[in-house]
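What follows is each chain in one-letter form.
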Amino acid sequence: MFTEDTREAIHLMMDVYNDRHSDAILFIAKYYFKEIGVTEASLSSFDESKLTLSIKTKSDTCTRNIEFEAEPSNSSEAAAYLLECLSEARNKAPEDEPKTKIEVEIEKNQKLKTYITQVSATKKISSNIIEITFKNGLEDLPNIRNDAFLFFIVPKVKKNKFPKGFSMADYRSMVGQEDQKLFGAYYTVKSFRKNEIDVWFVLHKDPGPLADWASKAELGDHVAVWGPRTSFLPPEKTSNYLFIADETAQPAVLASVENLPKHDDFLCLFETQNMSTQYTYELEKERIEWVYRDSDKAGEGDKLLNRINELDLDVKNLYIFGAGEGKQMSKIRKLLKKKYPIKSNQITLTGYWRKTK
């Protein structure tokens, strides 16, 4: 039986696939289910035994189910079933059928490398953000700019070191084991220099393994990083940007802003707790607007959503980019798509983390 937390996580996963990978859902409908003349497809519902697709053809509307071999214990396992169906659909499709965006992404990810590096400096940015500099072992790390994000892997016992040849595949093989000795999470590169990167970590009252590690990081501590990847993909002719971010995504936004053409216009809406968690940055003051949660906890409250609703946006040549708590980003995405005629490639809002009860 799904827990409420698992049910919520799968619901958010469905939102992401419907919004960012609609081509993959359509591909599954066409070739996995062999629906002739399909024009639209989306994930519509789920329960402990199946995910359900809603499929439109030129003459009819129907539903088809993706049956789970075993009840998924989390959203990642539910997504894995979906990807298995995509793989089967690919095997049934004509050879000249173009790859979906997620297939292209998977192929790129298979070529990414794992690097072993060390902490070389730490610096406090605000009362809840610390900057950690990593140096050495990164000579071949490509600088893809914008929101370049890496998967950081740290040992449970700080003194433990990574074996020679350690890779992301090794980490994945350990995940979920009772004696799991490594933990990982995605973080964005704030600044990139030859063989050196700066990364911002948000400090929490009840930290996860990576935030806890960051709060205690010392010079010489070893980490493994895998990547980099990017989700900042503005359409051609974009000249105006709206950035939306809580503390976890502000480094991604600031790194992306630094690469914008000088004549482009942009506004950053940055959510933070209060003035003590705000920081100064080398941008014109009118470029960053701070939205305080005040008494609300991170991932709760509607202050950011309400401020976005007050905006009067010109969507011509506009790109909306940002990230934060998953449910919050889902609400913001739905609000913006309902209020404005925004094309799917004009908006990238990602759930970097998810608040659980």
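Look above for the structure.
Residues numbered from 1 in each chain as written. Predicted model: local features only at pLDDT ≥ 70, side-chain atom pairs only at ≥ 80, totals over all residues. Heavy atoms only, no water.

A. Expanded view of the sheet that holds strand 4 (residues 113-126). Spatially, six strands are ordered 4-5-8-7-6-9 in a closed barrel, and the strand pairing comes out antiparallel. Strand after strand, the sheet turns through a mean of 45° between neighbouring axes, direction not considered. Bridge analysis of strand 4 against strand 5 (residues 129-135) gives seven bridges, and the strand direction is antiparallel. Across the sheet, the residue bridging to Ser126 is Ile129, located in strand 5. The strands touched by helix 7 (residues 250-257) are strand 5, strand 7 (182-193) and strand 8 (196-202); relative to strand 7, the strand with the most contacts, the crossing angle is about 25°. (Pairing = 2+ DSSP bridges. Helix = DSSP H or I, 4+ residues; strand = E, 2+ residues; numbered from the N terminus. Axes fitted to C-alpha atoms, helices over the stretch in contact; angles between N-to-C directions. Contact = heavy atoms within 4.5 Å.)

B. View of the sheet that holds strand 12 (residues 288-292). Across the sheet, five strands lie side by side as 12-11-10-13-14; this open sheet has parallel pairing. Since the sheet does not close on itself, it has two edges, and those belong to strand 12 and strand 14 (347-353), each with one partner. Averaged over all pairs of adjacent strands, the angle between strand axes in this sheet comes to 10°, irrespective of strand direction. Bridging between strand 11 (residues 265-272) and strand 12 involves five bridges; their strand directions are parallel. For Thr272, the partnering residue across the bridge sits in strand 12 and is Tyr292. Sitting on the sheet, helix 7 is in contact with strand 10 (240-245), strand 11, strand 12, strand 13 (318-325) and strand 14, with an inclination near 165° to strand 11.

C. Local environment of the pattern of salt bridges. With the rule as written, the count across this model stands at 29 salt bridges. For Lys50, the salt bridge goes to Asp47, with nearest N and O atoms at 2.6 Å. Two residues, Lys355 and Glu300, come together in a salt bridge whose shortest N-O distance is 3.5 Å. Separated by 55 residues along the polypeptide, Lys355 in the segment after strand 14 and Glu300 in the loop between strand 12 and helix 8 (303-310) bring together distant segments of the chain. Judged by relative accessible area, Lys355 falls into the partly exposed class, the value being 23%. (Salt bridge = Lys/Arg side-chain N within 4 Å of Asp/Glu carboxyl O. Buried < 20%, exposed > 50% of the residue type's maximum accessible area, 1.4 Å probe, protein only.)

D. The arrangement of the packing of aromatic side chains in detail. Applying the stated criterion across every chain, the model contains 27 aromatic pairs. Between Tyr279 and Trp290, the ring centres sit 5.0 Å apart and the planes meet at 85°, which makes this aromatic pair edge-to-face. On the criterion of sequence distance, the pair formed by Tyr279 in the loop between strand 11 and strand 12 and Trp290 in strand 12 is long-range, its members being eleven residues apart. An identical accessibility class is assigned to Tyr279 and Trp290; each is buried. An aromatic cluster of at least three residues, connected via ring pairs, comprises Phe232, Tyr241, Phe243, Phe266, Tyr319 and Phe321. Here the guanidinium or amino end of Lys92 rests over the ring plane of Tyr32, the centre of that ring lying 5.0 Å away. The ring centre of Trp226 lies 5.1 Å from the NZ or CZ of Arg172, which sits over that ring. (Phe/Tyr/Trp six-rings, centres within 6.5 Å; stacked < 30°, edge-to-face > 60°. Lys NZ or Arg CZ within 6 Å of the ring centre and 35° of its normal.)

E. Up close: the packing of helix 3 (residues 75-92) against helix 4 (residues 101-109). Between helix 3 and helix 4, the shortest axis-to-axis distance is 11 Å and the interhelical angle comes to 100°. Here helix 3 is positioned roughly perpendicular relative to helix 4, judged by the angle of their axes. For the pair formed by helix 3 and helix 4, the contact residues are Leu83, Leu86 and Arg90 on the first element and Ile102, Glu103 and Ile106 on the second. Among the residues making up the contact of helix 3 with helix 4, the classes are represented as four nonpolar, no polar and two charged. (Parallel < 35°, antiparallel > 145°, perpendicular 65-115°, else oblique. Nonpolar A, V, L, I, M, F, W, Y, C, P; charged D, E, K, R; others polar.)

F. Representation of the state of the cysteines within the structure. Tallied over the full model, the rule gives zero disulfides. Cys62 takes part in no disulfide bond, and the closest cysteine sulfur, belonging to Cys85, lies 15 Å away. Overall, the relative accessible area of 16% leaves Cys62 in the buried class. (Disulfide = S-S within 2.5 Å.)

G. Main features of the nonpolar core. By size, the foremost hydrophobic cluster in this structure holds 31 residues, and its most contacted members are Ile10, Met13, Tyr17, Leu51, Leu53, Ile55 and Leu82. At the level of secondary structure, the elements contributing two or more residues to this core comprise helix 1 (4-20), helix 2 (22-32), strand 1 (38-46), strand 2 (50-57), strand 3 (61-67) and helix 3. When residues in this core are grouped by element, the largest group, seven residues, is from helix 3. Setting aside its immediate chain neighbours within four residues, Leu82 contacts Tyr17, Ile25, Ile28, Leu43, Leu51 and Ile66. Counting residues in each nonpolar core, the second largest holds 22 residues, with Val202, Val257, Tyr281 and Ile288 among its members. (Core = buried A, V, L, I, M, F, W, Y, C linked by side-chain atoms within 4.5 Å.)

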